[in-house]
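For reference, the chains in residue letters:
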Amino acid sequence: MTTRIQDVIVPEVFNPYVVQRTMELSALVQSGIIENTAEFDRLASQAAKTVNMPFWKDLTGPGTDDELLDDQNPLTPGRIQAAQDEAVILRRGRAWGVNDLAANLAGDDPMRAIGDLVAAYWARRLQAILLAELAGVFGSATMAGNVLDITNAAGNAANISAATFVDAAQRLGDAKESLTGVLMHSATEASLAKQDLIQTTKPSEGSVEIKTFMGKRVIVDDGCPVNVGAGNYTTFLFGPGAIALGNGNPVNFVPTETARDSLAGEDFLINRKTLILHPRGVRWTPQAGVPAGVSPSNAELANGGNWTRVYENKAIRMVAFIHKLA
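Just so you know, these numbers come straight off a predicted model, no measurement behind them.

## What about the overall build of the chain?
Argument step 1. In terms of helices and strands, the chain carries nine helices and 17 strands.
Argument step 2. Its C-alpha atoms give the chain principal-axis dimensions of about 90 × 50 × 45 Å.
Argument step 3. Buried residues in the chain amount to 43% of all 326 residues.
Argument step 4. Intrachain contacts of the chain at a sequence separation of at least 6 include 79% that bridge at least 24 residues.
Argument step 5. For the chain, the accessible surface area stands at approximately 16,500 Å², while carbon and sulfur atoms represent 52% of it.

## Re helix H8 (residues 186-194)
The α-helix winds at 3.6 residues per turn, so residues separated by three or four positions along the chain end up facing the same way.
Argument step 1. Taken residue by residue, H8 has Thr188, Glu189, Ser191 and Leu192 as its buried positions. Mapping the buried residues of H8 onto a view down its axis gives an arc of 160°, with all of them on the same face.
Argument step 2. The inward-facing, buried residues of H8 abut strand E6 (181-184), strand E7 (198-201), strand E8 (210-213), strand E9 (216-220), strand E11 (232-238) and strand E17 (318-323).
Argument step 3. Backbone geometry just after H8 places Asp196 at a positive phi near 60°.

## Observations regarding the pairing of strand E12 (residues 243-247)
Argument step 1. Judged by how many residues are buried, E12 sits mostly within the fold: four of five residues are covered.
Argument step 2. Taken together, the five bridges between E12 and strand E14 (residues 266-279) define a ladder with antiparallel strand orientation. Bridge pairing in E14 links Ala244 to His278.

## Here's the deal with the side chain of Asp85
Argument step 1. Along the polypeptide, Asp85 turns up in strand E3 (residues 82-88).
Argument step 2. Of the polar contacts made by the side chain of Asp85, one reaches the side chain of His278; its length is 3.1 Å.
Argument step 3. A distance of 3.0 Å separates a polar atom in the side chain of Asp85 from the backbone nitrogen of Gly281.

## Description of the pattern of salt bridges
Argument step 1. One pass over the structure, following the stated rule, counts nine salt bridges.
Argument step 2. Its salt-bridge partner being Arg21, residue Glu24 comes within 3.0 Å of it at the nearest N-O pair. Placement of the pair is Glu24 and Arg21 together in helix H2 (residues 11-25), with a separation of three residues, close to one helical turn.
Argument step 3. Overall, the relative accessible area of 19% leaves Arg21 in the buried class.
Argument step 4. Here the residues in one salt-bridge network are Arg21, Glu24 and Asp116, joined through shared partners.

Calculation notes
- Residues numbered from 1 in each chain as written.
- Predicted model: local features only at pLDDT ≥ 70, side-chain atom pairs only at ≥ 80, totals over all residues.
- Heavy atoms only, no water.
- Helix = DSSP H or I, 4+ residues; strand = E, 2+ residues; numbered from the N terminus.
- Buried < 20%, exposed > 50% of the residue type's maximum accessible area, 1.4 Å probe, protein only.
- Contact = heavy atoms within 4.5 Å.
- Areas by Shrake-Rupley, 256 points an atom, 1.4 Å probe, with all protein chains shown as cover.
- Arc of directions from axis to C-beta.
- Pairing = 2+ DSSP bridges.
- Polar contact = N/O pair within 3.5 Å; in protein donor to acceptor, adjacent residues only side chain to side chain.
- Salt bridge = Lys/Arg side-chain N within 4 Å of Asp/Glu carboxyl O.

This is how it looks when you write it as structure tokens:
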């Protein structure tokens, strides 16, 4: 008897496994840049297109200096103000035919083998979604304070180096110590390696090697923005929890199912995701007509006109560094 996908896939077991493995396989999650919480899982499960997240503004700004005490003049009461962040719920899916997965049915645990393939796929897609969002977030005029572009500098001053990287981190001022990770193009990583600026460590026996630059964990992805003609590359600096992740499971949502076309003799595996992947402090403020469908596309996420900064610059644990290579 031939083993079918529906013989080895138990949706109630398969989907939680894929969700967990996706996070385990994501270097961005493992580095702490993307942070998953039960609260964002709950928000991602809501029957809505977006979720509102009110917050209190800090007690800073004009008119917030302390006052001198005396016996003639009373203190002037100040106030605390509220503002609102807003995240969009993303709805994505993918279906595979048995021919794409058939080779994995020979393993000793077919469901695990298929699950690992699907989880690795979603880990890559999460990274693609994030890069689209970063293009939009840093394309917003409100985020100019978190961007350093040195490509117009003369000679080596336009290149990424230890010194210019410090300048990029300085965009957050005294909050720069919160930056712990860096996402870069492979060509950028190669250039830094030639300068002997990439360190490799292995936390424990049998663990995966970790690369660092200036004490910050390195994640390499060739989806990082690059203008080959001009020789310009974009590197992103992050602090822990800069990106919030929520894995949703709304009412009546079917995240995993199998199907079979008996006439064609084909089996299908369908996997769906409802999630939040939100840059904290940058509000989703879509233009008219966005999204065109139920959920925004990566192209819509990459449009700077759809994002507005609501936290103060230093509270947003992200910097975009645009540079050339030595």
